[in-house]
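# Breakdown of the fold
In case you want the letters, here they are:
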Amino acid sequence: MRIAVLVPTPDYPEPWRWTYDVEADALRSSGADVEPLPWITEADLGRFDLVLPLVAWGYHLDYARWLAFLDRAERDSLRLINPPELLRWNGHKAYLAELGEAGVPTVPTIAVEACSNADLEEARRRFDTEWLVIKPPVSASAMGTHRIGPSDELPADSRGKAMILQPLVEEISRTGEYSLMLFDGAFSHAVVKRPRSGDFRVQEYHGGQTLPCTAPPAGAIELAQQALAAAPAAATYARVDIVPDDDGRLMIMELELIEPALFLNHARDGGAAFVSAILSAAEKATA
């Protein structure tokens, strides 16, 4: 079986082999032939039994090109997992507002097309808080994300641009953010990510820590499955980021269905559930 894993462009600045290598090794252990290809490749992907965008980091930097790739995948009937419709939906964070409207407990989210100080005031009113987080609707690694205090105005790099506005979840600084990995909708393993002191961003790129989590909090698995069930297509692989509010109620922070770090080094089964889900998807795609 031949599998292409989409990876960053050669000039992408962040290290990525740490997640690719463990995933590729797990697939190779099952006998698969795994080849990394930059996500911008023009190569004939139809020669692969499966195409996985698992490490297509940096797609958000050229989003129009990414959407064109998804169009190409549909046009050429590429065996892309997760499927293009799900990747397209997950690429724009307005899906968080959709989840909330569907009754899935989600960090409250407002999407605006041209952000202004008036939008900050409206968000403070609707969320009943003076502290906000704003971020671009297409982003990764907390790029362009800002914490906005009571007297802060809109940062210059956000003015007049499409943005997502959310209340600051202060419990993240104490408890952290839980990341649950699910394969074919079944829970596999979890980690907890915590920001460095004084920050709210959990990414290691910003000084955060990723720690083992022997068991996610009660109700987290069910919440993750509820969120995935509300998505427009089934996810073969998923990372669901969940945070508690100040009262301990769990909320969806993100669904990572495109290129999530899956932290297979923390999987008790060594990645067996991941491999099983991918191989099952390949069998269905080639049937």
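Please read these numbers as outputs of a predicted model, since none were measured by experiment.

Right, let's get into the nonpolar core. Counting 51 residues, the largest nonpolar core has Val5, Leu27, Leu52, Trp66 and Phe274 as its most contacted members. Mapped by element, the contributors of at least two residues to this core are strand S1 (2–7), helix H1 (17–28), strand S2 (33–38), strand S3 (50–52), helix H2 (63–75), strand S8 (177–183) and helix H7 (272–286). Of the residues forming this core, the biggest block, seven residues, is contributed by H7. Residue contacts for Leu27: discarding those within four places in its chain leaves Ile3, Ala32, Val34, Leu52, Phe274, Val275 and Ile278. Core analysis: the second largest hydrophobic core is formed by 27 residues, Leu96, Leu228, Ile252 and Leu255 among them.

Spatially, five strands are ordered S10-S9-S8-S11-S12 in an open sheet, and the strand pairing comes out antiparallel. The open sheet has two edge strands with one neighbour each: strand S10 (209–213) and strand S12 (250–256). Direction aside, the axes of adjacent strands within the sheet are offset by 30° on average. Here strand S11 (residues 237–244) runs beside S12; their pairing, made up of six bridges, is antiparallel. Looking across to S12, one finds that Pro244 is bridged to Leu250. The strands that helix H6 (residues 220–229) touches are S8, strand S9 (186–194), S11 and S12; relative to S12, the one it contacts most, it runs at about 50°.

So, about the packing of aromatic side chains. Following the criterion strictly, the structure yields nine aromatic pairs and no others. Ring geometry for Trp18 versus Trp57: centroids 6.0 Å apart, planes at 55°, classification tilted. Of the two residues, Trp18 is situated in helix H1 and Trp57 in the loop between S3 and H2; the sequence distance between them amounts to 39 residues. Classification of Trp57 by relative accessible area gives buried; the value is 9%. Through a chain of ring-to-ring contacts, three or more aromatic side chains come together here, namely Trp39, Tyr59, Tyr63, Trp66 and Phe69. Looking at Arg2, its charged tip hangs above the ring of Phe48, at a distance of 4.9 Å from the centre.

Rules behind the numbers
- Residues numbered from 1 in each chain as written.
- Predicted model: local features only at pLDDT ≥ 70, side-chain atom pairs only at ≥ 80, totals over all residues.
- Heavy atoms only, no water.
- Core = buried A, V, L, I, M, F, W, Y, C linked by side-chain atoms within 4.5 Å.
- Buried < 20%, exposed > 50% of the residue type's maximum accessible area, 1.4 Å probe, protein only.
- Helix = DSSP H or I, 4+ residues; strand = E, 2+ residues; numbered from the N terminus.
- Contact = heavy atoms within 4.5 Å.
- Pairing = 2+ DSSP bridges.
- Axes fitted to C-alpha atoms, helices over the stretch in contact; angles between N-to-C directions.
- Phe/Tyr/Trp six-rings, centres within 6.5 Å; stacked < 30°, edge-to-face > 60°.
- Lys NZ or Arg CZ within 6 Å of the ring centre and 35° of its normal.

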